[in-house]
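In case you want the letters, here they are:
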Amino acid sequence: MRELRIHGRGGQGSVTAAELIATAAFKSKIYSQAFPAFGVERRGAPVQAFVRFDDKKIRLRSQIYEPDYIIVQDSTLIGDVNVFSGMKEGGIAIINTEKEIDGGVPEGVKVVKINATSIALETLGLPIENTTLMGAFAAATGEIEFDALEESLRERFPGALADKNIAAARKAYDIVKGGA
Amino acid sequence: MPLNVGCSARPGNARDNKTGSWRTFRPEFDNDKCNTCGTCMMICPEVCIGEDEEGYPDVDYDFCKGCGLCAEECPKEAIKMKKEEK
Amino acid sequence: MADNKPELFEPGHRACGGCGPALAARLIMKAAGENTIVVASTGCMEVFSTPYPETAWKTPWIHSLFQNSAAVASGIESSIKMQGRDEKVVVIAGDGATFDIGVLCISGAFERGHDITYICYDNEAYMNTGIQRSGATPYDASTTTSPAGKQSTGNSRPKKDMPAILAAHGSPYVATASVAYPGDLMKKIEKAINTKGPCYVQVHAPCCTGWGFDGSKTMEIGKAAIDSGLWVNFEMEDGAVTKAKKVKRVPVDDYLKAQKRFRHLFKPEPNPEEIAKIQAIADKNAEKYGIDITPK
Amino acid sequence: MLQIMEGSHAVAEAVKLSRPQVVSAYPITPQTHIVERLAEMVADGDLNADYICVESEFSALSSCLGASAAGSRVYSATTSQGLAFMTEVVFNVAGMRLPIVMTIANRSLGAPLSIWNDQQDSIFLRDSGWMQLYAEDAQEATDLHFIAYKAAENYDVLLPAFVCFDGFILTHTFEPVDIPTQEEVDAYLPAFKPYQRLDAKDPISFGMYATPDYYQEFRYEINAAMTRADKVLREAGAEFGEMFGRDYSGLVESYRLDDADTAIVALGSVCGTIKDAVDEMRKDGKKVGLLKLRSFRPFPAEDVKKALAGVSNVAVLEKNLNIGSRMLGAVGLEVKDAVYSSGIQVHSYVGGLGGRDIRKKDIKMITEWAEKGKDDCFFGLREEVL
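Numbering of residues starts from 1 in each chain and follows the order in which that chain's sequence is written. Working convention: letters from A go to chains and numbers from 1 go to ligands, in the order in which they are written. Local features in this predicted model are restricted to residues whose pLDDT is 70 or higher, and side-chain atom pairs enter the listing and the counts only when it is 80 or higher, whereas totals over whole chains, interfaces and linings include all residues. Excluded from the side-chain calculations are hydrogens and water; all other atoms, namely the structure's heavy atoms, are used.

### A closer look at the arrangement of the chains
Selection criterion: The contact criterion used is simple: two residues touch if any of their non-hydrogen atoms lie within 4.5 Å.
Once contacts are tallied for each of the four pairs of chains in contact, the highest total is for chains C and D. Regarding chain A and chain B, the two do not touch, and the least distance separating their C-alpha atoms is 41 Å. Between chain A and chain C there is no contact; the minimum C-alpha to C-alpha separation amounts to 29 Å.

Right under this line is the structure:
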């Protein structure tokens, strides 16, 4: 079983991202489970969402403490929240930033930086990074196929909006693949 | 009798309970004074004053509790309450 | 003159002799007719009319709880609408159920606009449990929870204006009636039932046991309440008073004197100060509803 | 068809497929996603039901009571404070023998206010006369709604049913669920045929009061109906299994219990975590298994007795607190009764209250406790704040 923890802020679509990644995984023939940190956080507060991936039915219901992957939607969270907490060796951290990460990255964790905000602004015209980061996640981890992600986005968003989100995800996917 | 599911019952069987036994006073009707206006029939809380063939009040003493409302309201004072003798 | 409308409330019930609410039930059902589903609240009427396995009701009748009749009626209305049926849904509940404990459910049902008729038989206290004060109990009435005593002249608050509350919910038809005027009562019930939307009728139903008068005087007390101006028979359509029964008013004294619940205002000594306050309530009613017949 | 969706939406799909004519509910976290989805379905014409937007839970269940008595299949959903607020009606519905199905998105009861999961809310209504079924995952939650309607409406039962699934843990989790087609559900669950109904063409008086001459007999009948529900639920579950390939013919489910010395007993979603923990403990050579209770009312005492026959110790994982009882949890009391005089040691270990996360390590700990015979207690307690 592999586990993903998404760090974001209320309103940034962390839960939607978790759901869409789980949906894409499901469409990639992987058993998946997505859930939010059950809270009462309001817009702007740090929030988390989780995804599990496995080849067989997932029964585990506890929260995720030792993730294989993390997505950090907003680099301002680093410092406020220990986003790397419990990360497994060999894990992958996908972080929306262009800056250097000053310390805190555990031994053996690979950091994939992507400026999702500028991609989102260019492609969507809005600083909504979650779909962009999904593209980066697909490329960095191989947990979900890009076609499956595309299909999930198409189910979730109407026509033109889906196209834009897919384009943003594609751009991030290509950047990460290229850099790999 | 088996219990009815949900504490339910078929309608109208309150008639099994003969409230006439509660009566200590009994309304007696003087048809000579009665103008068959029907007031007594309409206002009886026991719904036990009917009409005979000629339109005069016809009390079902099985149910009449002897409250005296009919006697009180009769515009012709045609109803008198008499002590029950049992 | 006995009318031809079927009797849908049967003899054999266990109400006191001369019971105002029993008479109200009978008249309401004559007016409502056979195509009616009755929803009852816990209360005196429910208890005297349906001790299992005997029921006095000839149309479909349901009782669930004290305070939820309006909600139960909402569900019935919804259910029969979905089944394409056309029965009328009528709540018959006492003043405790209506003025006090059931307000939440009534407010919800009226706001949602269900096609139901809510009838309150108002005997001005909790009679089923032994004559405790309700929000419908009139000023200065002595009840078992608002007893007159050395420091008390009985119930310290005036009667809640429930018709105005329900009119404010947007009810298309709100009316008051009295068992003392059976024809008027039945006409109003019919009108309420045949008006689409949630309608409310509040029926004055004197309780000989709770108010302290002889059962033979039920009609007389009802009429005296109206003659005094302490009870007004009126109709409201879409929130405005459209009709009120005019009377040649008499002072409230006679109405009060006839009932044990007001006896403390006269014995051992008369209490003119309190009686004046009650008279003021009647005067205010008269002014508000314009019921005084002005001499020509 | 297997789809991925939120647990609440899976339940909403199950409700839609059950074709209720009246839905009445009041929003409360974490039940809201179910009723919002149902309201959407009604608004879009996908569900031909009247959605009564009531002003309180008390009216939600009261209007369901009326609608059911008038002859419609009805549905509601609530949790926690909402369920507590409807308590009076909860008992009434069972007493009037109305086969209402209500989803409970299990949540703790205040005070202190908590929106998070435990099972105190449904457990405290164990004596109300409602069947109580508990789901481990979204699939089971979905399927149990069909089974609940089928059993509730059976004339040998005529009792309402709670389908309980853990708030947030299941309601807000996305996972794959097989949603059957309308044709399949129609074949399993035919249109509602009320045993009796309010109808001007055939009047009855309904919900009369009973004097001491009758009351006890009515309560006897409710209990007898609940006893019969045991068999009816199994049959409904078996029939479901035949038609849909997922077997619910048992009211309990054993997991690796065959040669177990220690058994963990639990209800709901935590059973999944326990299964994973059991697998790990088995790898370490521990003879441990799980007994999952799918039904708490009726309580399947005979099944429990049979399933636990070979074990020495039982750890009942309680997401409820039986305040003032020597046995800390309500489930443990029933389990202990089921194995009474067998010599099996039964302990209630209370935890996960108010949303406290339960992890595999907690399961391993209470298993060890049971092996050592540790007396009833809380687990995961933050001693430092006491």
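### Considering the domain arrangement of chain D
All names here are of chain D. Formally: As used throughout, domain bounds are those supplied by an automatic or database domain assignment. By buried area we mean how much accessible surface two parts lose on assembly, using a 1.4 Å probe and totalling the loss over both. Just to be clear on terms, a salt bridge is a Lys or Arg side-chain nitrogen sitting within 4 Å of an Asp or Glu carboxyl oxygen. Here a polar contact is recorded for every N or O atom pair within 3.5 Å, except that within protein the pair must consist of a potential hydrogen donor and a potential acceptor, and residues adjacent in sequence are included only if both atoms are side-chain atoms. Runs of H or I in DSSP of at least four residues are treated as helices and runs of E of at least two as strands, each being numbered from the N terminus.
In terms of domains, chain D is made up of domain 1 (2–244) and domain 2 (252–385). For domain 1 and domain 2, the distance between their C-alpha centres works out to 27 Å. Buried area between domain 1 and domain 2, summed over both chains or domains, comes out near 2,100 Å², and the portion from carbon and sulfur atoms is 50%. Along the contact surface separating domain 1 from domain 2 lie six salt bridges. Close ionic contact of Lys-319 with Asp-166 constitutes a salt bridge, the shortest N to O distance being 3.9 Å. Linking domain 1 to domain 2 there are 17 residue pairs in polar contact (both at pLDDT 80 or more). Of all the secondary-structure elements, those providing two or more residues to the side of domain 1 that touches domain 2 are helix H6 (120–123), strand E6 (131–134), helix H7 (138–153) and helix H9 (215–244). No other element matches H9, which puts five residues into the side of domain 1 that touches domain 2.

### Details of unusual backbone geometry
Test applied: The cut-offs for exposure are 20% and 50% of the maximum accessible area for each residue type, with area from a 1.4 Å probe on protein chains only; residues under the lower value are buried, those over the upper are exposed, and the others partly exposed.
Cis peptide bonds are those with omega within 30 degrees of zero, and the linkage from Lys-267 of chain C to Pro-268 of chain C qualifies with 0 degrees. Going from Arg-297 of chain D to Pro-298 of chain D, the amide bond is cis rather than trans, its omega being 0 degrees. Along the chain, Pro-298 of chain D turns up in the loop between strand E13 (295–297) and helix H11 (301–307). The phi torsion at Lys-29 of chain A lies on the positive side, around 65 degrees, for a residue other than glycine. Relative to the assigned elements, Lys-29 of chain A resides in the loop between helix H1 (14–27) and strand E2 (31–36). For Lys-29 of chain A, a relative accessible area of 77% gives the class exposed. In the Ramachandran plot, Glu-77 of chain B falls in the positive-phi region, its phi being about 50 degrees despite a non-glycine side chain. In this structure, Glu-77 of chain B sits in the loop between helix H2 (69–73) and strand E5 (79–83).

### Quick notes on the pattern of salt bridges
Side chains carrying opposite charge are able to pair once their charged atoms draw close together. This structure, assessed with the given rule, holds 75 salt bridges over all chains. When the shortest N-O distance is used, the salt bridge between Glu-175 of chain D and Arg-61 of chain A registers 2.6 Å. Of this pair, Glu-175 of chain D sits in strand E8 (residues 174–178) while Arg-61 of chain A sits in the loop between strand E3 (46–54) and strand E4 (69–72), which puts the two residues in different chains. The class of Arg-61 of chain A is buried, set by a relative accessible area of 9%. A salt bridge links Lys-65 of chain B to Glu-46 of chain B, with the nearest nitrogen and oxygen atoms 2.9 Å apart. One end of the pair, Lys-65 of chain B, is in the loop between strand E4 (57–59) and H2; the other, Glu-46 of chain B, is in the loop between helix H1 (39–43) and strand E3 (49–51), with 19 residues separating them in the sequence. For the pair Lys-65 of chain B and Glu-46 of chain B, one class covers both residues: buried. Connected through shared salt-bridge partners, Glu-136, Glu-140, Glu-253, Lys-275, Lys-292 and Arg-294 of chain D make up one network.

### Comments concerning the interface of chain C and chain D
Keep this limit in mind: Only Asp, Glu, Lys and Arg are considered charged in this grouping, and only Ala, Val, Leu, Ile, Met, Phe, Trp, Tyr, Cys and Pro are considered nonpolar; every other residue, Gly among them, is considered polar.
Taken together, the contacts link 41 residues of chain C with 40 residues of chain D. Both sides together, the interface formed by chain C and chain D hides about 3,100 Å², and carbon and sulfur atoms give 61% of it. Between Asp-50 of chain D and Lys-81 of chain C there is a salt bridge, with the nearest N and O atoms lying 3.2 Å from each other. Between the two partners, chain C and chain D, sit 22 residue pairs in polar contact (both at pLDDT 80 or more). Only strand E1 (36–40), helix H2 (44–49), strand E2 (61–63), helix H3 (69–82) and helix H5 (103–112) of chain C provide two or more residues apiece to the side of chain C that touches chain D. Top element by residues in the side of chain C that touches chain D is H3 of chain C. It accounts for ten residues. Broken down by class, the residue content of the side of chain C that touches chain D amounts to 17 nonpolar, 16 polar and eight charged.

### Considerations on the pairing of strand E7 (residues 173–178) of chain C
Residue and element names in this part refer to chain C. Where we set the bar: Between any two strands, at least two bridges found by DSSP are needed for them to pair. By definition, the crossover connecting two strands over a helix is right-handed if that path, from the first strand to the second, turns clockwise as seen with the strands pointing away from the viewer.
The buried fraction of E7 amounts to six of the six residues, a majority that puts the element mostly inside the structure. Pairing between E7 and strand E9 (residues 234–237): three bridges, direction antiparallel. Opposite Tyr-173, over in E9, you have Glu-237 as the bridge partner. Across five bridges, E7 lies against strand E8 (residues 199–204) in parallel orientation. From the neighbouring strand, Ala-175 faces E8, where its bridge partner is Val-201. Assessed by its sense of winding, the connection that carries the chain from E7 through helix H7 (residues 182–194) to E8 is right-handed.

### Quick notes on the UniProt feature "domain: Pyruvate/ketoisovalerate oxidoreductase catalytic" (unreviewed entry) in chain A
Under the convention used in this document: UniProt positions are given in the numbering used here, feature names are shortened, and annotations may be inferred rather than shown by experiment.
The residues that UniProt annotates with the feature "domain: Pyruvate/ketoisovalerate oxidoreductase catalytic" (unreviewed entry) are residues 10–174 of chain A. For residues 10–174 of chain A, the end-to-end C-alpha separation is 28 Å, with 37% helix and 18% strand making up the annotated structure.

### Topic: the interface of chain A and chain D
Each partner contributes to the interface: chain A provides 22 residues, whereas chain D provides 27 residues. Each partner contributes to the roughly 2,200 Å² buried at the junction of chain A and chain D, and carbon and sulfur atoms together form 58% of this total. In terms of surface lost to chain D, no three residues of chain A exceed Phe-38, Arg-59 and Arg-61 of chain A, which account for 38% of the buried area on that side. At the boundary of chain A and chain D, one finds four salt bridges. Across the salt bridge formed by Asp-137 of chain D and Lys-57 of chain A, the nearest N and O atoms sit 2.6 Å from each other. Inspection of the region where chain A meets chain D yields ten residue pairs in polar contact (both at pLDDT 80 or more). For the side of chain A that touches chain D, the elements supplying multiple residues, two or more each, are H1 and E2 of chain A.

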